[in-house]
Amino acid sequence: MAARNALQNHLQDQAAKPGTEVAKHEKPKTIAGLLTDPAIKQQMQLALPKHMTAERLARIALTEVRKVPKLAQCDQTSFLGAIMQCAALGLEPGGALGHCYMIPFENRRANRTEVQFIIGYRGMLDLARRSGQIVSLEARTVHAKDQFDVELGLDSKLIHRPDWHAADRGPVTFVYAVAKLKDGGTQFEVMSRADIERVRNESQGYKTAVRFAKPGQEPNTPWASHFEEMAKKTVIRRLFKYLPVSIEIQRAVGLDEQADAGLPQDNPLVIEGDYHAVDRAGDGAEPGSQAEQDGITSEEIRDALNAATDRDQLDAAADLANLLPEPERKPLLELWNERCQQIAA
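This report concerns the structure included in the present document. Since this is a predicted model, take the numbers as computed values, not measurements.

1. A closer look at the packing of aromatic side chains
Then step 1. The final tally for this structure, using the stated rule, is three aromatic pairs.
Then step 2. Note on phenylalanine 148 and tyrosine 176: the rings are 5.6 Å apart at their centroids and 20° apart in plane angle, and the pair reads as stacked. Here tyrosine 176 lies in strand S7 (residues 172–181) and phenylalanine 148 lies in strand S5 (residues 147–151), a separation of 28 residues in the sequence.
Then step 3. On the basis of relative accessible area, phenylalanine 148 is assigned to the buried category, the value being 17%.
Then step 4. A centroid spacing of 6.0 Å and a plane angle of 50° characterise the contact between tryptophan 223 and phenylalanine 227, whose relative ring orientation is tilted.
Then step 5. A residue is classified by how much of its surface remains accessible, and tryptophan 223, at 8% relative accessible area, is buried.

This is the structure:
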C-alpha cells in the first residue's frame, strides 16, 4: 500500500521509500467495495488522528454516496483519494459537521468525472485551532440591518453591531473573519456579498453542480445548502494568506484553490492490497518537484491563468505555480502579471 501528498508522510515508514515501486493487485470494482476492503480501512486508520476511526469514516463516506449517487459514478481512485485526504486532515465529509465535502468534478482533460475534496468553514476553524499559532479565529456574516464600520490604516478597526432585536436582519451584505495570534496580534479580512458571489460563480465545482442539477432541483453543492458557511470559509481562506499557518492548512487551502481554478486535485493515490518494495537504487531516478508529486503541470496552470476571469482565480492559479521548479515558474508568474493588468483594465 502506498500513498502520495498529505498521506505520504503517514505511510512512508510502512510503504516504499523514495525511489521505490509498489506491487499492485486488483482493485475492488465498486465504491462500496473500496470502503469495506480491510486493507483500505487499515491504511485509513494509519492516516487518521486518534479521535476518529476508519469504520466511522467509511460509514460517513458511504452515506455521502447514497445522498449523492453521482459520486458512485466517479473515478474510484479520485474518490478514495478524497477520502484519504479527509483521513490525513482528520476531517469528516458531509453536512453533519460541515468539515469538508466531496463534489463530482468533470475532468475534461482526462475525459472522466473525479471527486474533489472541498474544505468547509468548520473544517477551516478546526485546522486553525490545531496549528498552535492562532489563539482564536471567527467569521461572521453582516446583514442589511446591522451596524457595520471598517476603518483601515495604521490602526485598523472593525465594528459590527448586529440588530438582534429585528425578527429579520435582512440579507447578508458582508462577511468578515478575525484572527487573534499567539503573539498578541490581530488580523482581519472583509469581503462584500458581491465579492463572495463572484468567487462562488467562478468556482468550477459550483459550475459542475449547476450543470448536473435536475430541472427545478437545487444544485448539489454546499454553496446552495450552506451559503453562509461557504461565505465564511471564503473569507477565512483569504485571511489565511496573512497568517502563520500549519502545513495541514496550507494543503487544505491549496486543494480548495485547485478546485476553484478548475484543476484536477489528484488527491493521494492509494494502491490496494499487500505490498513489497522494489529497490530502484542506481537507476538514476530522482524525486520530482512538489508539483509533479501533486499531479500539477505547468500546462494546466497556464490554462487556468488564461481562463481566469477575476483576481481571485488568478491568485489561486499563481499560488499553484509556486510549487513548480524556478524555470517553469517564471513564465507563469509573468503571465499572471499580464492577466492581472488585463482584468484590471
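2. Let's talk about helix H6 (residues 121–130)
Then step 1. Looking only at H6, the buried set comprises Tyr121, Gly123, Met124, Leu125, Leu127 and Ala128.
Then step 2. At the exit of H6 stands glycine 132, carrying a positive phi of roughly 85°.

3. As for the sheet that holds strand S4 (residues 134–143)
Then step 1. Pairing is antiparallel across the open sheet formed by three strands, whose spatial order is S4-S7-S8. Because the sheet does not close on itself, it has two edges, and the strands there are S4 and strand S8 (186–192). This sheet shows a mean twist of 15° between the axes of neighbouring strands, independent of strand direction.
Then step 2. Relative to S8, S7 runs antiparallel, the two being bridged by seven bridges. Each bridged residue has a counterpart across the sheet, and for phenylalanine 174 the counterpart in S8 is serine 192.
Then step 3. Across the sheet, helix H10 (residues 227–240) is in contact with S4, S7 and S8; its angle to S4 comes to roughly 130°.

Thresholds applied
- Residues numbered from 1 in each chain as written.
- Predicted model: local features only at pLDDT ≥ 70, side-chain atom pairs only at ≥ 80, totals over all residues.
- Heavy atoms only, no water.
- Phe/Tyr/Trp six-rings, centres within 6.5 Å; stacked < 30°, edge-to-face > 60°.
- Helix = DSSP H or I, 4+ residues; strand = E, 2+ residues; numbered from the N terminus.
- Buried < 20%, exposed > 50% of the residue type's maximum accessible area, 1.4 Å probe, protein only.
- Pairing = 2+ DSSP bridges.
- Axes fitted to C-alpha atoms, helices over the stretch in contact; angles between N-to-C directions.
- Contact = heavy atoms within 4.5 Å.

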